[in-house]
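Letter by letter, the chains look like this.
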Amino acid sequence: MSQPRDLQLKSGLTDFSAAWPFLERELVSPRDEFLARPSKNFRGELVKLAYEMVSLAPAEGDAARLCREASRLLEELHAGSLVVDDIQDDSLYRRGKETLHRIYGVPRAINVGNWLYFDALDSISDWGLDAERERAIVRLCLRALNRAHLGQGLDLGVSIDTVDRPEVEAVC
């Protein structure tokens, strides 16, 4: 498979054909395999619902394209977090198949999970938004990722049975 033009543009490299077979094996194929697994697409459905509620009309035209892009962004960010979470929890299965770290090993799975974050965030620049809106979306995504990682830090490091009962709700 030839290197996709969008990946060339995103990377800022004009030719990485020598590295492409390795990138495809190490990043693209595991990512595509994971994203092709059955998913409830819950976040994507929420984006569509929000759009429909605001517009009170069926999705069409440029707004529909942006809705699809936002949905894909959320799915990729979430997928990256699932890959990392599976490693941290040493999960065996995700979405009906073995977890990526069990299939490809921990180092490759970490790289794929992290790349899903960066690739999703980088895609925002392709949406055709003005600079102010683009920055606002990137900031929101970074804030959400930051908060998700804070939550995961608590999940990994705090056993709920060690938290005083009156503090459980506040900690959660």
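Here the structure is a predicted model, which is why all the values come from computation and not from measurement.

A. Representation of the overall build of the protein chain within the structure. In terms of helices and strands, the protein chain carries eight helices and two strands. Listed N to C, the secondary structure of the protein chain is α-α-α-α-β-β-α-α-α-α in terms of helices and strands. For the protein chain, the proportion of its 172 residues judged to be buried stands at 30%. For the protein chain, the computed accessible surface area is about 11,100 Å², with 58% contributed by carbon and sulfur atoms.

B. The arrangement of the confidence of the model for the protein chain in detail. Chain-level statistics for the protein chain give a pLDDT mean of 81 and a share of 81% at 70 or above. Model confidence for the protein chain, summarised as mean pLDDT per element, is weakest for helix α1 (residues 5-11) at 57 and strongest for helix α5 (residues 100-104) at 97.

C. Geometry of helix α7 (residues 131-157). Helix length check: α7 (27 residues) gives 39 Å between terminal C-alpha atoms against 39 Å at 1.5 Å per residue, within 8%. Listed in full, the buried residues belonging to α7 are C141, L145 and Q152. Capping the start of α7, D130 holds a side-chain oxygen 3.2 Å from the backbone nitrogen of E132, two or three residues further along.

D. Region of the structure containing the packing of helix α2 (residues 20-35) against helix α6 (residues 106-123). Packing of α2 against α6 leaves a shortest axis separation of 9 Å and a crossing angle of 75 degrees. Of the possible angle classes, the one that applies to α2 and α6 is roughly perpendicular. Seen from α2, the contacting residues are R25, E26, L27, V28, P30, R31 and L35; seen from α6, they are R108, N111, V112, W115, L116 and D119. Per-class residue counts for the contact of α2 with α6 are seven nonpolar, one polar and five charged.

E. A look at the environment of V163. Topologically, V163 is positioned in the loop between α7 and α8 (168-171). Classification of V163 by relative accessible area gives buried; the value is 17%. Once residues within four sequence positions are removed from consideration, V163 is found in contact with V158, V168 and V171.

F. Representation of the environment of N114 within the structure. Inspection of the secondary structure assignment puts N114 in helix α6. Accessibility expressed as a relative area gives 27% for N114, which makes it partly exposed. As for N114 and S81, which are separated by 33 residues in sequence, their C-alpha atoms are 8.1 Å apart.

G. Just unusual backbone geometry, in detail. Despite not being glycine, D90 shows a phi value in the positive range, around 50 degrees. As for its position among the elements, D90 is in the loop between α4 (61-89) and β1 (93-94). Phi at R95 takes a positive value of approximately 55 degrees, unusual for a residue other than glycine.

H. Local environment of the side chain of R37. Examined against the element boundaries, R37 turns out to sit in the loop between α2 and α3 (42-55). At a separation of 2.8 Å, a polar atom in the side chain of R37 contacts the main-chain carbonyl oxygen of E98. Non-local contacts of R37, meaning those with residues more than four positions away in its chain, are made with R94, R95, K97, E98, T99, L100 and I103.

I. Representation of a positive patch on the surface within the structure. Side chains of R135, R139, R143 and R147 sit close together on the surface and give a patch of like positive charge. Along the chain, R143 falls in helix α7.

J. Fine view of the side chain of T99. Within the secondary structure layout, T99 lies in the loop between β2 (97-98) and α5. Using a relative accessible area of 1% as the deciding quantity, one classes T99 as buried.

K. Up close: the pattern of salt bridges. This structure, assessed with the given rule, holds 12 salt bridges. R25 is the salt-bridge partner of E26, the closest N and O atoms lying 2.8 Å from each other. A residue is classified by how much of its surface remains accessible, and R25, at 47% relative accessible area, is partly exposed. Linked through salt bridges whose partners overlap, the residues forming this network are R25, E26 and R108.

Rules used in this analysis
- Residues numbered from 1 in each chain as written.
- Predicted model: local features only at pLDDT ≥ 70, side-chain atom pairs only at ≥ 80, totals over all residues.
- Heavy atoms only, no water.
- Helix = DSSP H or I, 4+ residues; strand = E, 2+ residues; numbered from the N terminus.
- Buried < 20%, exposed > 50% of the residue type's maximum accessible area, 1.4 Å probe, protein only.
- Areas by Shrake-Rupley, 256 points an atom, 1.4 Å probe, with all protein chains shown as cover.
- pLDDT = per-residue confidence, 0-100.
- Expected span 1.5 Å × (residues − 1).
- Polar contact = N/O pair within 3.5 Å; in protein donor to acceptor, adjacent residues only side chain to side chain.
- Axes fitted to C-alpha atoms, helices over the stretch in contact; angles between N-to-C directions.
- Parallel < 35°, antiparallel > 145°, perpendicular 65-115°, else oblique.
- Contact = heavy atoms within 4.5 Å.
- Nonpolar A, V, L, I, M, F, W, Y, C, P; charged D, E, K, R; others polar.
- Patch = residues over 30% accessible without salt bridge, like charges linked within 9 Å, V, L, I, M, F, W, Y side chains within 5 Å.
- Salt bridge = Lys/Arg side-chain N within 4 Å of Asp/Glu carboxyl O.
- Lys, Arg positive; Asp, Glu negative; His and termini not counted.
- Charge placed at Lys NZ, Arg CZ, Asp CG, Glu CD.

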